[in-house]
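A look at the structure
For reference, the chains in residue letters:
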Amino acid sequence: MLFRSNGHTTDVYCWTKIPYLGPDATVGGQSCKIIGITVTQVINGGSADSTTIYAIDQAYRLWTWGYNGNGECGIGNTTTPQTTPQLVTGISNVRMVVAGLYSAFAVTNAGQLYSWGYNNHGQLGTGNTTAYSSPQLITGMTNVYDIHTVMGSYYSGGWNYYYRTYVLKNNGELYGTGYNGNGELGNGNTTNQSAFTRCNPTLTFSQFTTTGSAVYCSDRKSTRLNSSHTDISRMP
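Residues numbered from 1 in each chain as written. Predicted model: local features only at pLDDT ≥ 70, side-chain atom pairs only at ≥ 80, totals over all residues. Heavy atoms only, no water.

With that out of the way, let us pick up the overall build of the chain. Counting its regular elements, the chain contains zero helices and 19 strands. Every one of the 236 residues in the chain was classed for burial, and the buried ones make up 44%. For the chain, contacts bridging at least 24 residues in sequence account for 44% of all contacts bridging at least 6. Summed over its atoms, the accessible surface of the chain is roughly 10,800 Å², and 47% of this surface lies on carbon and sulfur atoms. (Helix = DSSP H or I, 4+ residues; strand = E, 2+ residues; numbered from the N terminus. Buried < 20%, exposed > 50% of the residue type's maximum accessible area, 1.4 Å probe, protein only. Contact = heavy atoms within 4.5 Å. Areas by Shrake-Rupley, 256 points an atom, 1.4 Å probe, with all protein chains shown as cover.)

Below is the structure:
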């Protein structure tokens, strides 16, 4: 997906305007001019058939469509596919949306964090490994500045995946949850976590980036890098 200079959203392959998006679009009688968009990450072994799209409109509402087999659309069910944009209820004033493989995260203008979708390693930070088909408020994760969700994979008789998530707060505290088999969460052990745990409580950071097996951080004196996901507060 991409934005053209006239504001119309088009399919990158066939260049056909999607009637549900754009400056004059409506869905179910509701205006939904889109000002930010992202899609699920597809990694080695992932399938393009599993793509879910997330869009923020000018009223800071979140719309989703596409693959929903794990509830990643956040609309309260796992009916898939969703072939038209669906409004995600239970969350408003969305500033940022981050899409992982089969899961999603949203941050509000107030800095609150919500998560939903697949949760086999506790990557949603809900304190368990239960999958959710609607947004879950993550208590304790307030004043959220940035968030990354990471997937890794390896092949052993089929594709195997591991998942984890990191949150950076406005005060520089970095937290992680999910798969921790190689100590990637930075909390001093190799035990998977289902709730956000602070990475080295003695340190604060201004930025971080991730790979499938490592995390790189800069202290608070560094210049912040651009984020790869959709955060409408950072758009020109």
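As a further point, take the pattern of salt bridges. Overall, the coordinates contain three salt bridges when judged by the stated rule. One salt bridge connects R164 with E184, and the closest N-O pair in it is separated by 3.7 Å. You can see R164 sitting in strand β14 (residues 159–169) and its partner E184 sitting in the loop between β15 (174–178) and β16 (193–198), a full 20 residues away along the chain. Between R198 and E173 there is a salt bridge, with the nearest N and O atoms lying 3.3 Å from each other. You can see R198 sitting in strand β16 and its partner E173 sitting in the loop between β14 and β15, a full 25 residues away along the chain. (Salt bridge = Lys/Arg side-chain N within 4 Å of Asp/Glu carboxyl O.)

On to the packing of aromatic side chains, then. Scanning the entire structure with this criterion turns up five aromatic pairs. Both rings, one in Y67 and one in Y102, keep their centres 6.1 Å apart while their planes meet at 55°; by these two values the pair is tilted. Taken together, the positions of Y67 in the loop between β7 (62–66) and β8 (82–87) and Y102 in the loop between β9 (94–99) and β10 (103–108) put the pair 35 residues apart, joining distant regions of the chain. Classification of Y102 by relative accessible area gives buried; the value is 16%. Measuring from ring centre to ring centre gives 6.4 Å for Y161 and Y163, while their planes differ by 35°; the resulting arrangement is tilted. Relative accessible area serves as the criterion here: at 4%, Y163 is assigned to the buried category. (Phe/Tyr/Trp six-rings, centres within 6.5 Å; stacked < 30°, edge-to-face > 60°.)

What follows deals with unusual backbone geometry. Cis geometry marks the peptide bond from T80 to P81, where omega comes out at 0°. Relative to the helices and strands, P81 resides in the loop between β7 and β8.

For the rest of this paragraph, the subject is the environment of I56. Considering the arrangement of structural elements, one finds I56 in strand β6 (residues 52–57). Residues I56 and V94, spaced 38 residues apart in sequence, show a C-alpha to C-alpha distance of 7.0 Å.

Attention now goes to the nonpolar core. When a protein is soluble and globular, its nonpolar side chains tend to lie buried together. With 13 residues, the main nonpolar core has L113, M141, I147, V167 and F196 as its most contacted residues. Each residue touching F196, except ones within four places of it in the same chain, is listed here: L113, L124, G125, I138, M141, T165, V167, Y175, G176 and T177. With twelve residues, the next largest nonpolar core counts V94, A99, A104 and Y114 among its residues. (Core = buried A, V, L, I, M, F, W, Y, C linked by side-chain atoms within 4.5 Å.)

By themselves, these figures tell us nothing about what the structure is for.
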